[in-house]
Amino acid sequence: MSLNNTPSAERVHIGFFGKRNAGKSSLVNAVTGQELALVSEIKGTTTDPVQKAMELLPVGPVVIIDTPGIDDEGTLGDLRVRKTKQILNKTDVAVLVVDGRTEMSGVEQELITLFQEKQIPFVTAINKADLLEQAEGSKVYENGILVSAKTGFQIWELKEKIAGLAAAEPLQNRIVGDLIQPGDFVVLVVPIDKAAPKGRLILPQQQTIRDILDAEGRAVVVKETELSQTLRELGKKPALVITDSQVFGTVSKETPREIPLTSFSILFARYKGDLKKVVQGAAAIETLQEGDRILISEGCTHHRQCGDIGSVKLPAWLKKYTEKELQIELTSGTEFPEDLSSYGLIIHCGGCMLNEREMKYRLKCAQDQKVPMTNYGIAIAYMQGILRRSVELFPEVLAELQKERD
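A brief look at the structure comes next. (Residues numbered from 1 in each chain as written. Predicted model: local features only at pLDDT ≥ 70, side-chain atom pairs only at ≥ 80, totals over all residues. Heavy atoms only, no water.)

**Structural notes on the environment of Ala 366**
Position of Ala 366 among the secondary structure elements: in helix H11 (residues 356-368). Residue classification places Ala 366 among the buried positions, given a relative accessible area of 1%. A sequence separation of 27 residues divides Ala 366 from Asp 339, and the C-alpha atoms of the two residues are 9.1 Å apart. Apart from the residues lying within four places of it in its own chain, the contact partners of Ala 366 are Leu 340, Ile 346, Val 371 and Met 373. (Helix = DSSP H or I, 4+ residues; strand = E, 2+ residues; numbered from the N terminus. Buried < 20%, exposed > 50% of the residue type's maximum accessible area, 1.4 Å probe, protein only. Contact = heavy atoms within 4.5 Å.)

Listed below in C-alpha cells is the structure:
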C-alpha cells in the first residue's frame, strides 16, 4: 500500500446487506460508479463478501462491502450467512437493501435487530424504484430512501445519507499525538530482521510516525543496536521511546528510567480497543495450568518466517515463563473463533489491520465468555517485569495495576 493511501483499517466500513436478488450488487455498483460487484438475475450470485477500499464522495476514504444474501439456503448458504454476520463486526455504517415491490420479511427485520444490537447506524435503501407504481413507493421503512440502481434515481441522496451516518460516528483516538507536545523528540525503535518487509516499515510504525508529525513532534527512527548511541547524541531528552515489542527487554535496559517507554502494540491497544482490559488480562499468565489452550490471534495474514513473533517467540516466552506445556493455537486475518470458552488466555496483536469496531467486538466476545484477553506488547512486558513502566504514560491504567497489587 502506498504511504499516500489511507489504510483500510482507518476507513469507514460500509456494508450492503439484504436478501438475495434485492439488488445489493447493482446498488453497490451504482453507489461506487464502478463494476465492483458481479450482477445477475440468478439468486445468490454473490457467494462471498466482496470488499474494496476506495474514495467515495461525499464520505471520503471508505471500504465498501457487498455481502451474500442473508436468506441463502443449504450448507453453503449457512456458511455464507455466517460470513455475512461476521462482516457486521467491522461495519461502521450498514445499508439494508430491500426490494420495494415486496413487504419487508422476517429476515430483513432480523438484520435491523442485529444493526441495533451492535449499535450500527443504518439506512434502508428501497431499491427498484423504476419498477414501482407511485403508491407502492410510499411504503414507510425505518431510515428509508427510495432508490433505483438501474436508473440512478436518488443514488446521490443515498450517498449523502451514508455520509451523514458516517460523520455521526465518534472520532478515533490518537495513537501518540495526545501524549507529546510540539517540538518533542520521540525515538522509535524498529528492528530490521528477516521478518521485516523489504524496503518499507510495517503499518503501525508508519502510522505512529505520521501521528507524531501531525502533533508537530519529531520522530527519530533507529534500530535497537543504535538506541544507546542515539540517546547519548540526541542533545535533548526524548519525550518518549516507543519500541517494537519483540525487543522490549533490551530497549528497557538501554533506556534511562527517567525516559517514558512503551511499545507500538500497547499504543494500538489503547487506540483500537480497551487498554485497561487488556492490561488486566495479562495477569492470567500467572494462573495458567499444564495443558491450557492459548489462542494467539493476528489481524493480518503475513507469511510466517523463522523467528515470527506470534508463532515462534511468544510461545517460547510463555513456556519459559510459566514452565508449563501449553497448547498454542494460531488464527490470523478475519479468523476469530465464536466459541472462546475453552481457552485459558487470548493474546492478540495490536490490530493495525483491523478497524476499531472489530477489535472492540473481539474484546467483548472474550469478556462475555469470561476469557482473559491481552496483547503482544502487554504480555511481553508482563513476562519481562516491565509492564508497570510501559503503562506509566496512562495514569488510569497504572492506578488499576496498583489496585490489583494492593
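**Considering the side chain of Lys 90**
One can find Lys 90 in the loop between helix H2 (74-87) and strand S4 (93-99). Among the polar contacts listed, one links the side chain of Lys 90 to the side chain of Gln 51, at a separation of 3.2 Å. Excluding anything up to four places from it in sequence, Lys 90 contacts His 13, Gln 51, Ile 65, Thr 334, Asn 355, Arg 357 and Glu 358. (Polar contact = N/O pair within 3.5 Å; in protein donor to acceptor, adjacent residues only side chain to side chain.)

**Remarks on the nonpolar core**
In this structure, Leu 275, Leu 340, Ile 347 and Ile 378 are the most contacted members of the largest nonpolar core, which totals 71 residues. In contact with Leu 275, other than residues within four places in its own chain, are Ile 266, Ala 269, Arg 270, Ile 378, Phe 394 and Val 397. Judged by nonpolar contacts, the second largest core, of 22 residues, contains Val 28, Val 93, Val 123 and Ala 166. (Core = buried A, V, L, I, M, F, W, Y, C linked by side-chain atoms within 4.5 Å.)

**Examining the packing of aromatic side chains**
Evaluated as defined, the whole model comprises four aromatic pairs. When the centroid spacing of 6.2 Å and the interplanar angle of 65° are considered together, the rings of Tyr 321 and Tyr 382 count as edge-to-face. With a gap of 61 residues between them, Tyr 321 in helix H10 (residues 309-322) and Tyr 382 in helix H12 (residues 376-383) connect regions that are remote in the sequence. For Tyr 321, a relative accessible area of 31% puts it in the partly exposed group. Judged by relative accessible area, Tyr 382 falls into the partly exposed class, the value being 21%. Above the plane of the ring of Tyr 343 lies Arg 293, whose end atom (NZ or CZ) is 4.5 Å from the centre. (Phe/Tyr/Trp six-rings, centres within 6.5 Å; stacked < 30°, edge-to-face > 60°. Lys NZ or Arg CZ within 6 Å of the ring centre and 35° of its normal.)

**Looking at the sheet that holds strand S2 (residues 50-56)**
Strand order in the open sheet formed by six strands is S2-S3-S1-S4-S5-S6, with mixed pairing between adjacent strands. Edge positions in the open sheet fall to S2 and strand S6 (144-146), since each of these has one partner strand only. With strand direction ignored, the average angle separating the axes of adjacent strands in the sheet is 25°. Relative to strand S5 (residues 122-127), S4 runs parallel, the two sharing six bridges. Bridge pairing in S5 places Ala 94 opposite Phe 122. (Pairing = 2+ DSSP bridges. Axes fitted to C-alpha atoms, helices over the stretch in contact; angles between N-to-C directions.)

**Digging into the packing of H10 against H12**
In a pair of packed helices, the angle between the axes and the distance between the axes together describe the arrangement. It is at 11 Å that the axes of H10 and H12 come closest, and there the two elements cross at 30°. With respect to their mutual orientation, H10 and H12 come out roughly parallel. Both H10 and H12 take part in a crossing whose hand is left-handed. Residues Ile 309, Gly 310, Leu 314, Trp 317, Leu 318 and Tyr 321 of H10 form the contact with H12, whose own contacting residues are Tyr 376, Ile 380, Tyr 382 and Met 383. For the contact of H10 with H12, the residue count by class is nine nonpolar, one polar and no charged. (Parallel < 35°, antiparallel > 145°, perpendicular 65-115°, else oblique. Left-handed = near helix turned anticlockwise from the far one by under 90°. Nonpolar A, V, L, I, M, F, W, Y, C, P; charged D, E, K, R; others polar.)

**Concerning the pattern of salt bridges**
Tallied over the full model, the rule gives 14 salt bridges. As a salt-bridge pair, Asp 214 and Arg 210 come within 2.9 Å of each other at their nearest N and O atoms. Of this pair, Asp 214 and Arg 210 are both found in helix H5 (residues 203-214), four residues apart, which corresponds to roughly one turn of the helix. The partner of Lys 360 in a salt bridge is Glu 356, and the shortest N-O contact between them spans 2.8 Å. (Salt bridge = Lys/Arg side-chain N within 4 Å of Asp/Glu carboxyl O.)

**Quick notes on the environment of Gly 273**
Mapping Gly 273 onto the fold places it in the loop between helix H8 (264-272) and helix H9 (275-281). Judged by its relative accessible area of 15%, Gly 273 falls in the buried class. Note: C-alpha distance between Gly 273 and Glu 356 (83 residues apart in sequence) is 6.5 Å. Sequence-distant contacts of Gly 273, defined by excluding residues within four places in its chain, comprise Phe 268, Lys 360 and Leu 363.

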